[in-house]
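# Breakdown of the fold
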Amino acid sequence: MKVLVTGGAGFIGSALIRQLVAEEPEVTVLNVDKLTYAGNLDSLEPVARSHRYAFECFDICEASGMRELFWSYEPDFVFHLASETHVDRSIDGPAAFIQTNIFGTYVLLQTAREYWTELDAERKARFRFLHVSTDEVFGSLGAGGYFAEEMAYAPSSPYAASKASADHLVRAWHKTYGLPVLLSNCSNNFGPYQFPEKLIPLTILAALEEKPLPVYGDGQNVRDWLYVEDHCRALRSVLAKGRIGESYNLGGSNEKTNIAVVTQICDVLDELRPRRNGRSYFELVTFVQDRPGHDRRYAIDPAKARLELTWVPRETFDSALRKTIEWYVANKPWWERVRDGSYRGERLGVIR
C-alpha cells in the first residue's frame, strides 16, 4: 500500500509517518511538505533511512507539481494534513491561511479526483482521501454540551474559517464528483516534537528557561486534549474502517482549563527539574491580554468514532503530559534548533 501524506514534516504529520513506518510493514510513505517555519525534518529522523519512506519538498498549491507527484508515486491513500494551524498567526496574517488551507485543499482535491478517475476498477474502489481538520470549525461552546459531527459550523478565527472552508470543499468533491473522502475533526493535540508556539510546549520551554509563563485572559478557557499518538491511531482507524463521505470527531475526553494545564506542567517540572531557588515554576505564571475572539470552550463527543471505529485513546491526559514533558526535558538539542529559526516564543496574534 502506498500512502501520500501532505504536511508530513509538521507535528501531527510526522507522528503519523513515524507510526506508519514503525507499525505497518506493508506500507510505504511519501511525505509532501513545503517546509514552512513549522515543518521540521528532524522530527522524521527515526524513519529517515527507511526504504519505505520518501520525502518531496513541495507546495500543495502548485497544481502541475502535485499532478506529477500523484502520477509518479501512484498512492492508494492520501492523508491531507498540510495546513497553517496557529490561531494567533492567522490573526496576524490570514492570507497564508486562505492560500494553503483553502486553495491548497482545492488543488489537492482536484488532483486527487483526476488521478482517481484514471485508476483501474480495483484500485479505484480502494482509494481513499482523508482530510484532517479541527474542532475549531464548530466555534465556541457554553458551559455544557459537546461538538457532534452534525453540528453547524460557526468558526471564530481566520484559521477556523479557513479549515471550515476546506471541510466544505472536501464534502463538495465527494457529493459532486464521487471522490471517496473521509473527514476528521480533532481536539487540541499535544506530545513530543510539537512546534513551541502551542500552549503546552511553549509553557514547558519557557519554564525550563525561567521565563514568564503567559496565560491568556483569566485562564478559564477550556480545551479537550488529545495525545498525538492516540490521534494518529485514530486517523489510521478512520482510513481503515470509516464510511466514505462521513466525518468523525476525535477527542480525548480530557477537558482542562488553560490555567489547569499550565499548573499541571509546573507540578511535573517541579518534580522532574526543580528550580535552583527551590520555588515552584508556577510563580512564573503571567496573565496576559486575551486573544481576540478567543473561544471559551471546546469539547468533542467522540462516540461515533468509538462505536464505528472501535477506537479509544490509550493514554490518559496525566500519563501523556508526563511523557511529553519528559521528552522536552530530554531533547533540548531538538527544540534549540527550532528556536534558532524564525520563532523564539514571542507573543503572536495581538491586533495592533
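Residues numbered from 1 in each chain as written. Predicted model: local features only at pLDDT ≥ 70, side-chain atom pairs only at ≥ 80, totals over all residues. Heavy atoms only, no water.

## Concerning the packing of helix α7 (residues 199-208) against helix α11 (residues 317-330)
At a minimum axis separation of 10 Å, α7 and α11 run at an interaxial angle of 50°. In this view, α7 runs oblique relative to α11, as classed from their interaxial angle. Handedness of the α7/α11 crossing: right-handed. Contacts from Ile 200, Pro 201, Ile 204, Leu 205 and Leu 208 of α7 reach α11 at Leu 321, Thr 324, Ile 325, Tyr 328 and Val 329. (Axes fitted to C-alpha atoms, helices over the stretch in contact; angles between N-to-C directions. Helix = DSSP H or I, 4+ residues; strand = E, 2+ residues; numbered from the N terminus. Parallel < 35°, antiparallel > 145°, perpendicular 65-115°, else oblique. Left-handed = near helix turned anticlockwise from the far one by under 90°. Contact = heavy atoms within 4.5 Å.)

## So, the environment of Glu 24
Checked against the element boundaries, Glu 24 lands in the loop between α1 (11-23) and β2 (28-33). Note on Glu 24: relative accessible area 18%, which makes it buried. In this structure, the C-alpha to C-alpha distance between Glu 24 and His 51, residues 27 residues apart in sequence, is 13 Å. Setting aside anything within four residues of it in sequence, one finds Glu 24 in contact with Gln 19, Arg 52 and Arg 236. (Buried < 20%, exposed > 50% of the residue type's maximum accessible area, 1.4 Å probe, protein only.)

## A closer look at the environment of Gly 217
On the secondary structure map, Gly 217 appears in the loop between β8 (213-216) and β9 (222-227). Judged by its relative accessible area of 23%, Gly 217 is partly exposed. When the C-alpha atoms of Gly 217 and Val 3 are compared, they prove to be 42 Å apart, with 214 residues separating the residues in sequence. Those residues in contact with Gly 217 that sit more than four places away from it in its chain are Phe 287, Val 288, Gln 289 and Asp 290.

## Side note on the nonpolar core
In terms of nonpolar packing, the biggest core is built from 34 residues, with Val 5, Ile 17, Phe 79, Leu 81, Leu 130, Leu 235 and Leu 250 touching the most fellow members. Every element with two or more residues in this core is listed here: β1 (2-6), α1, β4 (77-80), β5 (128-134), β6 (181-186), α8 (228-241), β10 (247-250) and α10 (303-309). Non-local contacts of Val 5, meaning those with residues more than four positions away in its chain, are made with Leu 16, Ile 17, Val 29, Leu 30, Asn 31, Val 32, Phe 79 and Leu 81. Counting 31 residues, the second largest nonpolar core, distinct from the first, contains Tyr 193, Ile 259, Leu 269 and Ala 320. (Core = buried A, V, L, I, M, F, W, Y, C linked by side-chain atoms within 4.5 Å.)

## Describing the side chain of Thr 100
Within the secondary structure, Thr 100 sits in helix α4 (residues 95-117). The exposure class assigned to Thr 100 is buried, which follows from its relative accessible area of 14%. Those residues within four positions of Thr 100 in sequence are excluded, and the remaining contacts are Ile 60, Cys 61, Ala 82, Ser 83, Glu 84 and Thr 105.

## Observations concerning the sheet that holds β9
As summarised here, the arrangement of the three strands in space is β7-β9-β11, forming an open sheet in which the pairing is mixed. Looking at strand neighbours, the two that pair on one side only are β7 (188-190) and β11 (255-257), the edges of this open sheet. This sheet shows a mean twist of 50° between the axes of neighbouring strands, independent of strand direction. With three bridges joining them, β9 and β11 adopt antiparallel strand pairing. Bridge pairing in β11 links Asp 224 to Glu 255. (Pairing = 2+ DSSP bridges.)

## Quick look at empty space enclosed by the protein
Enumeration over the complete set of coordinates arrives at two cavities of 30 Å³ or more. The space that makes up the largest cavity amounts to roughly 50 Å³. If you add up the space inside the second largest cavity, you get close to 40 Å³. As for the second largest cavity, its lining consists of Phe 190, Trp 225, Leu 226, Tyr 227, Asp 230, Gly 252, Asn 254, Pro 313, Glu 315, Thr 316 and Ala 320. (1 Å grid on protein atoms, 1.4 Å probe; cavity = no way out; pocket = protein on both sides within 12 Å on 5 of 7 lines; lining within 4 Å. Points joined across faces, edges and corners; volume = space filled by probe spheres on them.)

## Details of helix α9 (residues 258-272)
Helix length check: α9, at 15 residues, gives a terminal C-alpha distance of 21 Å against a target of 21 Å (1.5 Å per residue), a fit within 8%. Taken as a whole, α9 has its buried residues at Asn 258, Ile 259, Val 261, Val 262, Gln 264, Ile 265, Cys 266, Val 268 and Leu 269. Contacts made by the buried residues of α9 are with α7, β8, β9, β11, β12 (285-288) and α11. (Expected span 1.5 Å × (residues − 1).)

## So, the sheet that holds β6
Here we have seven strands laid out as an open sheet, ordered β3-β2-β1-β4-β5-β6-β10, and parallel in their pairing. Looking at the sheet topology across the chains shown, the edges are occupied by β3 (53-57) and β10. Here the average twist between neighbouring strands, direction ignored, is 20°. The sheet contact formed by β2 and β3 spans five bridges and is parallel. In the strand pairing of β3, Asp 33 is matched with Cys 57. Here α4 sits on the sheet and contacts β1, β4 and β5; the angle it forms with β5, its principal contact strand, is near 165°. Sitting on the sheet, α8 touches β4, β5, β6 and β10, and the angle it makes with β5 is about 145°.

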